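Coordinate analysis (summary)
Chain by chain, the residues:
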Amino acid sequence: METHPNPMPSDMAALVEIEQRILWLSTLIVHHANHVRPNPDGVKVGGHQASSASVASILTALYFGFLKAGDRISIKPHASPAFHAIQYLLGRLPDKEILTQLREFGGLQAYPSRTKDHDPVDFSTGSVGFGAVAPAFAALTNDYLLSRRAPGAQPRRFIALVGDAELDEGNVWEALLDESLSGLSNVLWIVDLNRQSLDRVVPGIRVSRLRKLFSEIGWRVLEVKYGRRLQAAFARPGGEALRRRIDDMSNEQYQALIRLPGAELREQLLQVEKKKDAQNIQKALAEVSDAELPSVIADLGGHDLEELQAALHEFDQHPERPTVLFAYTIKGWRLPFAGHPLNHAMLLSTEQVEALQAQWGVPPGHEWDRFAPDSPAGRLCAAAAARLGQPEPRVPSVSAPEIPASVAAPFPAHTSTQDMFGRILTRLADHPAVREHIVTTSPDVSISTSLAGWINKTGVYAPNERVDYETETQRLMRWSQRPSGQHIELGISEMNLFSLLGMLGLSAELCGQVLVPIGTVYDPFICRGLDALIYGLYSGSKFIFAGTPSGITLSREGGAHQSTVTPSLGAELPQLQTYEPAYGQELEWILLDAIAGCFDRAQGLSTYLRLTTRPLDQAPFKAALAREGEAALRARVLAGGYRLLAEAPAGDPPVLLAAAGAVMPEALAAAAYLREEGVAAQVLNLTSPRRLFETWRAAGSASTNGDGAALAALLPPHERRAPIVTIQDGASHSLAWLGSIYGAPVTALGVDAFGQAGSRADLYQKFHLDTLSIVEAAFAAVDRAEAEVGGRR
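Residues numbered from 1 in each chain as written. Predicted model: local features only at pLDDT ≥ 70, side-chain atom pairs only at ≥ 80, totals over all residues. Heavy atoms only, no water.

1. Focus: the packing of aromatic side chains
Our working definition: By convention, a stacked pair of Phe, Tyr or Trp rings (six-membered ring in the case of Trp) has centres within 6.5 Å and planes under 30 degrees apart, an edge-to-face pair has planes over 60 apart, and any other such pair is tilted. Put simply, DSSP marks the helices as runs of H or I at least four residues long and the strands as runs of E at least two long, and each gets a number from the N terminus on. Buried, partly exposed and exposed residues are distinguished by accessible area as a fraction of the type maximum, computed with a 1.4 Å probe on protein chains only: under 20%, between the cut-offs, and over 50%, respectively. Put simply, a charge is over a ring when the Lys NZ or the Arg CZ is close to the ring centre, within 6 Å, and near the line of the ring normal, within 35 degrees.
Taken as a whole and judged by the stated rule, the model has 19 aromatic pairs. When the centroid spacing of 6.3 Å and the interplanar angle of 55 degrees are considered together, the rings of Phe66 and Phe315 count as tilted. In this pair, Phe66 sits in the loop between helix H3 (56-63) and strand S1 (72-75) while Phe315 sits in helix H14 (residues 305-317), placing the two residues 249 residues apart along the sequence. Neither residue differs from the other here; Phe66 and Phe315 are each classed as buried. Members of the aromatic cluster, each reached through a chain of ring pairs, are Trp173, Trp189, Phe214, Trp219 and Phe326. Above the ring of Phe66, the side-chain terminus of Arg157 is found at 4.0 Å from the ring centroid. Over the ring of Phe525 we find Arg528; its NZ or CZ atom is 5.2 Å from the centre of that ring.

In structure tokens form, the structure reads like this:
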């Protein structure tokens, strides 16, 4: 990009002063954490001084001339110290003490965090790649709300500052290639092109490929490559030869040259094949002294505030297409290790920091100072703070609609939880107050995960009305694409699914209106989107997703489509509640409760529903409902589990069959057999083992007498040492902890190897989930328990 008139006049001297203060504070923040603050364990604290220096100019141009209230921005993770320095200068961090607490418990986080940092963070970063795609999916969320004229929605700009090495991440390209993100407006990615990753200097050919890739997918490509001092050298006689010399050299050579003393650097620049080129280079640099030559050759556009301002202005003049701005920078800019190939984790010594303090004129005792309010830089900071406005509440105040107690979905005598999921969603479309908040999404599996009814009623979201060319009147799904549609269809990318769910689930915080995002995914492929799922949960997003079909119950599909570890993931991921219902009415109660949780922005959680396509007889549930009453049973379902059968005759040796989801018929059949044989078998229907675990953990150990109502109802005193057989279409260990509640022996049945294609009966028998295997395990458990009692006597 060539020189443009500065479209955003400002006090450039004050802006440069702010730029240097950001550079100084970010360096000092890391230095204090590593070399000043007591460090009892002696482990390196870290903090990325070089990466912060790389983007000091870009952040200065953004925050002190470009960003405005309502903009949403993600900051590359390794620039966290520079980001915090800016928030301090803007008055968004209360005092200097917090700057001394980088990577300290309760202090500033290592990487920007929406939920844990003290200053306002729009997008958590840290898992590289998500800082790029999150603003894009947030922009899609905002466009969706605007198309529906949602209250609180307003046009916004979404900006991502990413490192060039982040573009190695596959999730970036999965997102860029998805049709749902094509045509976005007000999206700007700024690539900090310092040509260095964690371990090396990145080859130069990569940059041209990136430019071509972005252009071919419809993005506008901007570039700030050279600063004005270097451009001035190019404009002198012989300057074209100098430009070619720099353009043609490898990144590795350039990084090495800019660290040389001036005289040696000049000599190296003149080492070209053609004598005339050498003469021209010498002419172009004739007025540049050896002392200033390294800084001139290192004068890249990403450190030229006027060039950056011009590029930002150019984006703002034409925001109708997504734009990527490649900003060439030096990693470690103006620091002693600038451009060093291994400077990513390097730290300046105390002597080096003291030398910088003297060089930059920072008075002793005033290292952490803000600018005086009446100084030009102070006034510029105040103006930027006023333009950005007050930080928005971390937990927005929202109004929740009345969630119906039931949607009166028809419950067939035999049905699967996946089928009921579709029926319940379809009926929810008849409740306008709730419906207007719901948006569904799926990675090209809408029909096979039972979203057809919902889509037929609400349509598919598209920025503009699209013609449906299908003329068949009797169709399972009507694919009506329009701005008012409430389903967003994605390509086959589970990473994109969870990335979108994560941003839809932050719509209240980022876009001013609550959405209830509901996604569907084949259960085994949750693992393919796991990083994005974790990112959304870590960011505090609230969404619902159904993993279906699940387990080896999906028998004919074979091991590649049979999930085994997902129950464990659902039990272990923070900020997630997980349910595996067996019966349709359970699912309705759970789903309505999960929807209500999306409106609780302070305490609500995301929800994972592990579902199945296996139809189950609903009669056992109806019997429990008649016996327990709706209010009590509903509470127990939501709390994690209940006793499915009427109690067995007293006096028989007890055994508990604890089962979840699709294997309930086998557990019931085993219990019936055991009762006939004189064993007091009870089936524990575990709708949410995780909720039960959390209840147990909150209550402490059994000796505290604080068992919680859910556990007390599930495990009455006379059965607390009874043997337990757990049955799960998933890894057996996921329920094995149940015995630890009261010290009961456990036999854990589950799927601990990869499955294969076959009938469900064959697979259940292979993994001991069939009725006979459960019966045998129960008899063996009872025999061991009786032998132990006899031994004690």
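Read on, since the account is not over.
2. Brief notes about the packing of helix H24 (residues 584-599) against helix H26 (residues 630-639)
To be explicit about the condition: In this description, a line fitted to the C-alpha atoms serves as the axis of each element, helices being fitted only across the stretch in contact, and the angle between N-to-C directions of two axes falls anywhere from 0 to 180 degrees. Note on terminology: angles under 35 degrees are roughly parallel, angles over 145 are roughly antiparallel, angles of 65 to 115 are roughly perpendicular, and the others are oblique. In this scheme the crossing of two helices becomes right-handed for a clockwise turn of the near helix relative to the far one and left-handed for an anticlockwise turn of less than a right angle. Note on contacts: a residue pair is in contact if any heavy atoms of the two residues lie within 4.5 Å. Following the grouping adopted for this structure description, the nonpolar residues are Ala, Val, Leu, Ile, Met, Phe, Trp, Tyr, Cys and Pro, the charged ones are Asp, Glu, Lys and Arg, and the polar ones are all others, Gly among them.
It is at 10 Å that the axes of H24 and H26 come closest, and there the two elements cross at 65 degrees. Relative to H26, the element H24 lies roughly perpendicular. Like other packed secondary-structure pairs, H24 and H26 cross with a definite hand, here right-handed. Of the residues in H26, those in contact with Glu586, Trp589, Ile590, Leu592 and Asp593 of H24 are Glu630, Leu633, Arg634, Val637 and Leu638. Split into classes, the residues belonging to the contact of H24 with H26 amount to six nonpolar, no polar and four charged.

3. Focus on unusual backbone geometry
Across the junction of Thr548 and Pro549, the peptide omega takes the value -5 degrees, indicating a cis bond. Positive phi outside glycine occurs at Arg103, with the angle close to 60 degrees. Within the secondary structure, Arg103 is located in the loop between helix H4 (80-89) and helix H5 (130-147). Residue classification places Arg103 among the partly exposed residues on the basis of a relative accessible area of 27%.

4. What to know about the sheet that holds strand S17 (residues 654-659)
Here is the rule we go by: Only strands that DSSP links by at least two bridges are regarded as paired with each other.
The sheet built from five strands is open, its strands ordered S16-S18-S17-S19-S20 with mixed pairing. A strand with exactly one partner marks an edge of an open sheet, and here the two such strands are strand S16 (642-643) and strand S20 (746-749). The pairing of S17 with strand S18 (residues 680-685) spans six bridges and is classified as parallel. Within S18, the position partnered with Ala658 by the bridge is Leu684.

5. Concerning the sheet that holds strand S13 (residues 576-579)
Strand order in the open sheet made by the six strands is S10-S7-S11-S12-S14-S13, with parallel pairing throughout. For this open sheet the edge positions go to strand S10 (487-489) and S13, each flanked by a neighbour on one side alone. The sheet shows a mean angle of 20 degrees between the axes of neighbouring strands, direction not considered. Pairing between strand S11 (residues 516-521) and strand S12 (residues 544-547): four bridges, direction parallel. When the sheet's bridge partners are listed, Ile518 is paired in S12 with Ile544.

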